[in-house]
Amino acid sequence: MPDVYCGPAPAPQTLLFAWNFDLVAIALCAAILGAHAASGRRDGRSLAFAGTGVLALLFLSPLCALTVSLFSARVAHHALLIGVAAPLLALAFRSVRLLAPALPLGVLTVLNALLLWFWHVPQVYDVAIVGALPYWTMQLSLLFAAFALWRGVLAPTAHPGSALFALLATMVQMGMLGALLTFARTPLYAAHSLTTQPFGLSPLADQQLAGLIMWVPASLPYLVAALLLLSAQLAPASRRVR
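## Overview of the packing of helix 1 (residues 23-38) against helix 2 (residues 45-59)
Move 1: Contact pair helix 1 / helix 2: the axes reach a minimum separation of 10 Å and the direction vectors enclose 175 degrees. With respect to each other, helix 1 and helix 2 are oriented roughly antiparallel. Together, Ala 25, Leu 28, Cys 29, Ile 32, Leu 33 and His 36 of helix 1 and Arg 45, Ala 48, Phe 49, Thr 52, Leu 55, Ala 56 and Phe 59 of helix 2 make up the contact between the two elements.
Move 2: Here the residues of the contact of helix 1 with helix 2 are counted per class, giving 10 nonpolar, two polar and one charged.

## Brief notes about the packing of aromatic side chains
Aromatic ring pairs are described here by two measures, namely the spacing of the ring centres and the angle between the planes.
Move 1: Taken as a whole and judged by the stated rule, the model has 12 aromatic pairs.
Move 2: Residues Tyr 5 and Tyr 135 carry aromatic rings whose centres are separated by 4.0 Å and whose planes lie at 20 degrees to one another, so their mutual orientation is stacked. Residue Tyr 5 is found in the segment before helix 1, and its partner Tyr 135 is found in helix 7 (residues 132-154); the two are separated by 130 residues along the sequence.
Move 3: The class of Tyr 5 is buried, set by a relative accessible area of 7%.

## Re the state of the cysteines
Move 1: Following the criterion strictly, the structure yields one disulfide and no others.
Move 2: A disulfide bridge connects Cys 6 with Cys 64, and the sulfur atoms are separated by 1.6 Å. Taken as a pair, Cys 6 in the segment before helix 1 and Cys 64 in helix 3 (residues 62-69) lie far apart in primary sequence, 58 residues in all.
Move 3: Judged by its relative accessible area of 17%, Cys 6 falls in the buried class.

## Quick look at the nonpolar core
Move 1: One finds Leu 55, Phe 59, Leu 81, Ile 82, Tyr 135, Leu 142 and Trp 150 to be the most contacted residues of the largest nonpolar core, which totals 71 residues.
Move 2: Here this core gets 12 residues from one element, more than from any other, and that element is helix 7.
Move 3: When residues no more than four places from it in sequence are discounted, the contact partners of Ile 82 are Pro 87, Leu 116, Leu 142, Ala 146, Trp 150, Met 174 and Tyr 222.

## Re the side chain of Ser 72
Move 1: Of note, Ser 72 is situated in helix 4 (residues 71-92).
Move 2: Overall, Ser 72 belongs to the buried group, its relative accessible area being 4%.
Move 3: There is a polar contact of 2.6 Å between the side chain of Ser 72 and the side chain of Asp 206.
Move 4: Not counting residues within four places of it along the chain, the set of residues in contact with Ser 72 comprises Asp 206, Leu 209, Ala 210 and Ile 213.

## Quick look at a nonpolar patch on the surface
Move 1: On the surface, Trp 19, Phe 21, Leu 23 and Ile 26 cluster together into a nonpolar patch covering about 490 Å² of accessible area.
Move 2: Mapped onto the fold, Leu 23 is located in helix 1.

## So, the packing of helix 2 against helix 4
Move 1: Interhelical geometry of helix 2 versus helix 4 gives an angle of 160 degrees and a closest axis separation of 7 Å. Viewed along their axes, helix 2 and helix 4 adopt a mutual orientation that is roughly antiparallel. Our pair here, helix 2 against helix 4, has a crossing hand that is left-handed. Contact residues: Leu 47, Ala 48, Ala 50, Gly 51, Thr 52, Val 54, Leu 55, Leu 58 and Phe 59 in helix 2; His 77, Leu 80, Leu 81, Val 84, Ala 85, Leu 88, Leu 89, Leu 91 and Ala 92 in helix 4.

Each value, and the rule that gives it
Residues numbered from 1 in each chain as written. Predicted model: local features only at pLDDT ≥ 70, side-chain atom pairs only at ≥ 80, totals over all residues. Heavy atoms only, no water. Axes fitted to C-alpha atoms, helices over the stretch in contact; angles between N-to-C directions. Helix = DSSP H or I, 4+ residues; strand = E, 2+ residues; numbered from the N terminus. Parallel < 35°, antiparallel > 145°, perpendicular 65-115°, else oblique. Contact = heavy atoms within 4.5 Å. Nonpolar A, V, L, I, M, F, W, Y, C, P; charged D, E, K, R; others polar. Phe/Tyr/Trp six-rings, centres within 6.5 Å; stacked < 30°, edge-to-face > 60°. Buried < 20%, exposed > 50% of the residue type's maximum accessible area, 1.4 Å probe, protein only. Disulfide = S-S within 2.5 Å. Core = buried A, V, L, I, M, F, W, Y, C linked by side-chain atoms within 4.5 Å. Polar contact = N/O pair within 3.5 Å; in protein donor to acceptor, adjacent residues only side chain to side chain. Patch = residues over 30% accessible without salt bridge, like charges linked within 9 Å, V, L, I, M, F, W, Y side chains within 5 Å. Areas by Shrake-Rupley, 256 points an atom, 1.4 Å probe, with all protein chains shown as cover. Salt bridge = Lys/Arg side-chain N within 4 Å of Asp/Glu carboxyl O. Left-handed = near helix turned anticlockwise from the far one by under 90°.

Limitation: the analysis is restricted to geometry and does not speak to function.
Set out below in structure tokens:
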């Protein structure tokens, strides 16, 4: 698969040397840090660095190459993108006033679900990982939709009920997608039909592992956020912190 973004599928013995220095990935990280610096806000600087560090791990480190070999690595990649990098950046830019109008949380929840399912349709996925343009269309749409959702959930003016619903609904639809991948009886992704064996996994086992990652670990950030939100609402008014 020489034309796949992140390069050809690596072997286990060459994985540590499979770094990606694509200018688009580097420019994305630099743009985020530059945008935060240009905002003039000192609060959230460490969160901006943390979020950008996660993006660097995803797009510059050998994890990028591993996603070419293993679908489970791709799912873990997407889970970190929308469940770790996005909320870190949402917190980093929480006090920065954005020009774009905020959409209702219900709309953002549906948008995130549609994008996540769309990009994991096998026929769409096989096209999305080939070439820089479809690849970055997939990655940036997932990142910015998740960023908008987390920013809405974490906004001081967010209605607690709406925020809790958005988090739980996102967990449910991710669990449904994970269950579908886990219990599918045949491999669904042709792009990984010949790339998993060097890592000791059949294509079906790799897909099942991907489903389990989507089902449980990928949902944990949303569960933690929902529990913290619920705990804050149940706390006495004198101790409640927005």
